[in-house]
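A look at the structure
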Amino acid sequence: MKERKIGILGAGTWGMALARMLTNSGNDVLVWSAIEQEIDNLSAARVHPNLPGMVIPEALRFTKSLEEVCSGKDILLFAVPSVFVRSTAAKARPYIRDGQVIVDVAKGIEPETLFTMTEVLADELGKEDGPKGLRLVALSGPTHAEEVAQDLPTTIVSASPDQTAAELVRDVFTNTCMRVYTNADCKGVELCGAMKNVIALGVGISTGLGYGDNTRAALITRGIAEIARLGVAMGCNLQTFAGLAGIGDLIVTATSRHSRNNRAGFLIGQGRTPEQAVKEVGMVVEGINALPAAMELSERYQVEMPIAKTVNAIVREGMSPADAVRALMDRNPKDETAAGYQDF
Ligand SMILES: NC(=O)c1ccc[n+]([C@@H]2O[C@H](COP(=O)([O-])OP(=O)(O)OC[C@H]3O[C@@H](n4cnc5c(N)ncnc54)[C@H](O)[C@@H]3O)[C@@H](O)[C@H]2O)c1
């Protein structure tokens, strides 16, 4: 038995699937949510509304107190959607102690700062009254909560420049259903997690337009090429993009019925407005939230990202999906730099 004390901030589908898994593998797990009603419902019903088949073990405990969820824990897991990571960190900061390992599972780029989520945590928790010597890890990969909730075999990457912290997280999250790999290229891993949602939106749009497997394969392969191009320009390791957090996560997001980005894209391809699609999906669609940062990063690092740009034109500039795809296919290779039209 590993029996680590783990505090989980966020009781959404991912936070709860991991909370159950970690409880069942012998850890002492406490879950907090900003929504008090959610804590009441989960502790009474012992089932999450978006994971109806998953029984919440009796040993898994809940709290409405941020102080309690942070106090005395070996590991704190930030499992709120990316838009709430900074505000949650700001509220938790007074209760976080030196030496605690902070794990982020949210995927996104903060639009105002272009920070990844561990950079947001470093910025917010690193303020004067915060803990010293922050130990931050990003946990990311091809992982749908719905499948982890059923103990289906899953792989994930524990990424941090702090090797001891990455290995601790690897050991704690490893069990018979989850295999954890480590990677020191935290920024590359996080960039993949944020940007794949943009490409998955594009794949969903293509399916919604009635395009087939050829188009999906093209978007996935050329999509990871443009994410990798950006990553290398930002100083990340090219190999990260060929790994689980890179092509692995893009495949799972772009091909699965569980992906809300893929589903939102499908609805847009079928003719819904982006607003209608988000409403119909009923949850945060992080690929849409990531678009401004994707455009800004492409501009700042002078990297061509034609697929992300096309998705942006459809979602944020009102271009018709069919016209946008025609423009994407009609690009003249001679107008682009070598990187833009060479195969990977
Ligand atoms: N769902 C997955 O399969 C999965 C897998 C890997 C990574 N992720 C990432 O994990 C993060 C969370 O995803 P999710 O699917 O659990 O999302 P979700 O939509 O299920 O999360 C909703 C939860 O966010 C919390 N929340 C709502 N409003 C809040 C507020 N104002 N302040 C703080 N917390 C608030 C609540 O606990 C709520 O239940 C995302 O960044 C996602 O990309 C999800």
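Residues numbered from 1 in each chain as written. Predicted model: local features only at pLDDT ≥ 70, side-chain atom pairs only at ≥ 80, totals over all residues. Heavy atoms only, no water.

The protein chain carries the name Glycerol-3-phosphate dehydrogenase [NAD(P)+] in an unreviewed UniProt entry, which gives Faecalibacterium gallinarum as its organism. Taken verbatim from the UniProt record of the protein chain, the Subcellular location (unreviewed entry) comment is "Cytoplasm". Under the heading Pathway (unreviewed entry), UniProt records this for the protein chain: "Membrane lipid metabolism; glycerophospholipid metabolism." (UniProt positions renumbered as here; feature names shortened; annotations may be inferred.)

**Overview of the domain arrangement of the protein chain**
Examined at the domain level, the protein chain breaks down into domain 1 (5–184) and domain 2 (187–341). With centres defined by C-alpha atoms, the gap from domain 1 to domain 2 works out at 26 Å. Counting residues at the interface gives 28 residues for domain 1 and 26 residues for domain 2. Summing the contributions of domain 1 and of domain 2, the shared interface buries around 2100 Å²; its carbon and sulfur component is 64%. A salt bridge links Glu119 to Lys187; the shortest N-O distance between them is 2.9 Å. (Domains from an automatic or database assignment. Contact = heavy atoms within 4.5 Å. Buried area = accessible area lost by both parts, 1.4 Å probe. Salt bridge = Lys/Arg side-chain N within 4 Å of Asp/Glu carboxyl O.)

**Concerning the site of the ligand**
Around the ligand there are 23 residues in total, and Thr13, Glu38, Ala145, Arg260 and Glu286 lie nearest to it. Within the backbone of Ala11, a nitrogen or oxygen atom sits 3.0 Å from an oxygen atom of the ligand. Within the side chain of Glu38, a nitrogen or oxygen atom sits 2.3 Å from an oxygen atom of the ligand. For the ligand, the cavity whose grid points lie within 2 Å of the majority of its atoms is the largest pocket. Taken together, the residues of the shell around the ligand sort by class into eleven nonpolar, eight polar and four charged. (Near = heavy atom within 4 Å. Polar contact = N/O pair within 3.5 Å; in protein donor to acceptor, adjacent residues only side chain to side chain. 1 Å grid on protein atoms, 1.4 Å probe; cavity = no way out; pocket = protein on both sides within 12 Å on 5 of 7 lines; lining within 4 Å. Sits in = over half its atoms within 2 Å of the grid points. Nonpolar A, V, L, I, M, F, W, Y, C, P; charged D, E, K, R; others polar.)

**A short note on unusual backbone geometry**
One non-glycine residue, Leu114, adopts positive backbone phi at about 60°. Its place among the elements puts Leu114 in the loop between strand 5 (101–104) and helix 5 (117–125). A positive phi is found at Gln302, a non-glycine position, where the angle reads about 55°. Note that Gln302 resides in the loop between helix 13 (286–300) and helix 14 (306–317). (Helix = DSSP H or I, 4+ residues; strand = E, 2+ residues; numbered from the N terminus.)

**Here we look at the UniProt feature "domain: Glycerol-3-phosphate dehydrogenase NAD-dependent C-terminal" (unreviewed entry) in the protein chain**
According to UniProt, the positions carrying the feature "domain: Glycerol-3-phosphate dehydrogenase NAD-dependent C-terminal" (unreviewed entry) are residues 185–325. Helix makes up 75% of residues 185–325 and strand 0%. Its end C-alpha atoms lie 33 Å apart.

**A few points about the side chain of Arg93**
Note on placement: Arg93 falls in the loop between helix 4 (85–92) and strand 5. Excluding its chain neighbours within four sequence positions, the residues that come into contact with Arg93 are Glu124, Leu125, Lys127, Asp129, Gly130 and Pro131.

**Overview of the pairing of strand 7 (residues 154–159)**
Summarising burial for strand 7: five of the six residues are buried, a large majority. The pairing of strand 6 (residues 135–140) with strand 7 spans three bridges and is antiparallel. Directly across from Leu139, in strand 7, lies its bridge partner Ser158. Pairing of strand 7 with strand 8 (residues 178–183), which is carried by six bridges, proceeds in the parallel orientation. Paired with Val157 across the strands is Tyr181, a residue of strand 8. On the question of chirality, the crossover connecting strand 7 to the parallel strand 8 by way of helix 7 (residues 163–173) is right-handed. (Buried < 20%, exposed > 50% of the residue type's maximum accessible area, 1.4 Å probe, protein only. Pairing = 2+ DSSP bridges. Right-handed = clockwise from strand over helix to strand, strands pointing away.)

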